[in-house]
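# Structure at a glance
Below are the chains, spelled out letter by letter.
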Amino acid sequence: MSPFIETIRIENGRPLHLSLHQARMEATRSRFFPQAQPLSLHKLLSDAPRSSVGRIKARIVYGTDGVVEKSYQPYILRRIERLRLVIDDEIDYAYKSTDRQSLLHLLECRGDCDDILIVRRGLLTDTSFTNIALFDGHRWLTPAQPLLQGTMRHALLSSGLLFEANISASALPSFQYVMLFNAMIDAYEVVLPIGVIDNP
């Protein structure tokens, strides 16, 4: 079994949404390693570069025997300007794992686009590395069945900035914008017009 990951944003020395990351890690460990000793992200991040200005990506890799790897590095936002729809009705990435082969395989289909937008059983899910939301002119809607239940997604839903919906790929023209976000990327930081989505 491949190890699992928590990617945590440290902004100006402060870890963000730590309780959400802790809850997701505990749910994963309870599912796959029910007898393992508890892990505290708060303790694991005690050596984080808290005096740093800017955005740091903390990466915690863990498995049956606890933490396998821990690293900190400055985060550089990827430039995303075009997305390509790809279809995979069987893809499963419900747990944040180091095994991303299925995602990387789909990413090979992006052509001259920067990333992919994955359709599963007719419904929009995620890009290869972010959750998404779509603006219909009134509200931001996020897929009710994403590949991964992201921590930023959870926070935005809890704050009332997003609303869940089953969004079919065929409904894309009825939206104005697509927003990409994850633990490292804020809401509204990457917003693209819907026309940049290539539907081959």
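Quick summary incoming for the structure in this document. (Residues numbered from 1 in each chain as written. Predicted model: local features only at pLDDT ≥ 70, side-chain atom pairs only at ≥ 80, totals over all residues. Heavy atoms only, no water.)

## Considerations on the pairing of strand E1 (residues 4–11)
With eight of eight residues buried, E1 is to be regarded as a mostly interior element. Both faces of E1 are covered, namely the face carrying Phe4, Glu6, Ile8 and Ile10 and the face carrying Ile5, Thr7, Arg9 and Glu11. As defined by bridge partners, E1 adjoins strand E3 (residues 55–63) across eight bridges and the pair is classed as antiparallel. Residue pairing in the sheet places isoleucine 10 in a bridge with isoleucine 56 of E3. With two bridges connecting them, E1 and strand E2 (residues 14–15) associate as antiparallel partners. When the sheet's bridge partners are listed, isoleucine 10 is paired in E2 with proline 15. Following E1, the chain reverses through two residues before pairing antiparallel with E2; asparagine 12 in that reversal takes a positive phi of roughly 50°. (Buried < 20%, exposed > 50% of the residue type's maximum accessible area, 1.4 Å probe, protein only. Helix = DSSP H or I, 4+ residues; strand = E, 2+ residues; numbered from the N terminus. Pairing = 2+ DSSP bridges.)

## So, the sheet that holds E3
Reading across the sheet, the four strands line up as E2-E1-E3-E4 and stay open at both edges, with antiparallel pairing between neighbours. Each edge of the sheet is formed by a strand with only one pairing partner; in this case those strands are E2 and strand E4 (66–74). Against the sheet, helix H1 (residues 18–32) contacts E1, E2, E3 and E4, and its axis sits at roughly 175° relative to E1. (Contact = heavy atoms within 4.5 Å. Axes fitted to C-alpha atoms, helices over the stretch in contact; angles between N-to-C directions.)

## Details of the pattern of salt bridges
As a working rule, side chains carrying opposite charge can pair if their charged atoms are close by. Following the criterion strictly, the structure yields 13 salt bridges and no others. Two residues, glutamate 6 and arginine 24, come together in a salt bridge whose shortest N-O distance is 2.9 Å. In this pair, glutamate 6 is assigned in strand E1 and arginine 24 in helix H1, connecting sequence segments 18 residues apart. Residue arginine 24 is classed as buried on the basis of its relative accessible area, which comes to 15%. Among the ionic pairs, arginine 59 bridges to glutamate 69, the shortest N-O distance being 3.3 Å. Of this pair, arginine 59 sits in strand E3 while glutamate 69 is found in strand E4, placing the two residues ten residues apart along the sequence. Overall, the relative accessible area of 25% leaves arginine 59 in the partly exposed class. Each of Arg9, Glu11, Arg55, Asp186 and Glu189 takes part in a single network of salt bridges with overlapping partners. (Salt bridge = Lys/Arg side-chain N within 4 Å of Asp/Glu carboxyl O.)

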